[in-house]
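# Coordinates in review
Chain by chain, the residues run as shown.
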Amino acid sequence: MKTLLHIDSSARKTTNSTPAYNSVSKSIAATFLKKWRTLNNEDKIIHRDVGVNPPDFINQDWIAAVFTPDDAKTDAQKALLSLSDTLISELEQADIIVMSSSMYNYGMPAALKAWFDQVIRIHKTFTFDLARGDFPLEPIMSGKILVLITSSGEFGFGVGDIREKMNHLGPHIRTLSHYLGVGTVHEINAEYQEFNDDRHLASVKNAHKSAEALALKLASR
């Protein structure tokens, strides 16, 4: 039995009375999970929508608590880190991370960055050792798969495309995913949302098909 951690991050929901207002990225992620459940209905799925319920931003007191030894942490510091502990526990359980994200201002939503800041934590998800030279950070976890589902208003953000250098969403998440223990990344993209034309409809349709196909491929392993 596998455990999937499903992270949604768009500020939009998927239950709006006007379908055009619904989140594209969340809808595609839902297609992936629906297909997965038909194939492996006993697998555990942990769902956290940080777009609707964003994690707290880290602050100076949070950082101080992280660097305080466990046996010296105050009750207040433990309380301050309780959300981080919960999020890390969810991550530790996951074999596969299904992460959906809209592109906001060419990067990830602030709520998703807040989630990353809460879970990428010394002695919990990575170690730091200067004996390693210029690369002192190493992830603690390994072997996880990331299914990254993104949506964007414009288009051409892939490698070699016209807006490749403007893409600070996928590359950023890929970099950070190393410290989640991710070894393999699959990415599905829907584009052209701001144009709302046939290209957008085709892109979304293809993304849903890709999500079903990827769920079938991963679930059969």
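In this report, the structure presented in the accompanying data block is examined. (Residues numbered from 1 in each chain as written. Predicted model: local features only at pLDDT ≥ 70, side-chain atom pairs only at ≥ 80, totals over all residues. Heavy atoms only, no water.)

### Things to note about helix 6 (residues 170–177)
Test applied: Three exposure classes are used, based on accessible area relative to the maximum for each residue type with a 1.4 Å probe and protein chains only: buried under 20%, partly exposed in between, and exposed over 50%. Helix and strand labels come from DSSP, where a helix needs a run of H or I of at least four residues and a strand needs a run of E of at least two; each type is numbered from the N terminus. When we speak of the arc, we mean the arc of directions from the helix axis to the C-beta atoms. By definition in these notes, contact holds between two residues if any of their heavy atoms fall within 4.5 Å.
Residues of helix 6 that are buried: G170, I173, L176 and S177. Along the long axis of helix 6, the arc covered by the buried residues comes to 130 degrees, so they all point the same way. Considering only its buried residues, helix 6 is in contact with strand 3 (96–102), helix 5 (110–119), strand 6 (144–151) and strand 7 (182–190).

### Considerations on the pattern of salt bridges
So the rule is basically this: Each salt bridge in this description consists of a side-chain nitrogen of Lys or Arg and a carboxyl oxygen of Asp or Glu lying within 4 Å of one another.
Following the criterion strictly, the structure yields nine salt bridges and no others. Among the ionic pairs, K26 bridges to D49, the shortest N-O distance being 2.8 Å. Note that K26 is positioned in helix 1 (residues 24–39) and D49 in strand 2 (residues 44–49), a separation of 23 residues in sequence. Accessibility classification places K26 together with D49 in one group, the buried group. Put simply, R48 and E90 hold a salt bridge, and the shortest N to O gap is 2.8 Å. Here E90 lies in helix 4 (residues 82–93) and R48 lies in strand 2, a separation of 42 residues in the sequence. Since its relative accessible area comes to 23%, R48 is described here as partly exposed. On the basis of relative accessibility, which here comes to 12%, the residue E90 falls in the buried class.

### Some thoughts on the packing of aromatic side chains
Selection criterion: Side-chain rings of Phe, Tyr and Trp, where Trp is taken by its six-membered ring, are said to pair if the distance between their centres is within 6.5 Å; with planes under 30 degrees apart they count as stacked, over 60 as edge-to-face, and otherwise as tilted. Any Lys NZ or Arg CZ found within 6 Å of a ring centre and within 35 degrees of that ring's normal is scored as a charge over the ring.
Applying the stated criterion across every chain, the model contains seven aromatic pairs. Between W115 and F116, the aromatic rings sit 5.1 Å apart at their centres with planes inclined by 80 degrees, giving edge-to-face as the arrangement. Take W115: its relative accessible area is 0%, and that puts it in the buried class. With centroids separated by 5.7 Å and ring planes inclined at 65 degrees, the aromatic side chains of F155 and F195 adopt a geometry described as edge-to-face. In this pair, F155 is assigned in the loop between strand 6 and helix 6 and F195 in the loop between strand 7 and helix 7 (198–219), connecting sequence segments 40 residues apart. Pairwise contacts between aromatic rings join F155, Y192 and F195 into one cluster. Sitting over the ring of F155, R163 keeps its end group 4.8 Å from the ring centre. Cation over ring: R199 sits above F155, and NZ or CZ is 5.4 Å from the ring centre.

### A look at the sheet that holds strand 7
We count it as follows: Should DSSP find at least two bridges between two strands, the strands are regarded as paired. Fitted lines through C-alpha atoms serve as axes, helices being fitted only where they are in contact, and the angles separating the N-to-C directions of these axes extend from 0 to 180 degrees.
Read from one edge to the other, the open sheet built from five strands follows the order 2-1-3-6-7, with strand pairing classed as parallel. Only two strands of the sheet have a single partner each, and these edge strands are strand 2 and strand 7. Between one strand axis and the next, the sheet turns by 15 degrees as a mean value, whatever way the strands run. Direction of pairing for strand 1 (residues 3–8) relative to strand 3: parallel, over a ladder of five bridges. In the sheet register, L5 faces strand 3, and the bridge partner there is I97. Sitting on the sheet, helix 1 is in contact with strand 1, strand 2, strand 3, strand 6 and strand 7, with an inclination near 155 degrees to strand 3. Here helix 5 sits on the sheet and contacts strand 1, strand 2 and strand 3; the angle it forms with strand 3, its principal contact strand, is near 145 degrees.

None of this, on its own, says anything about what the molecule does.
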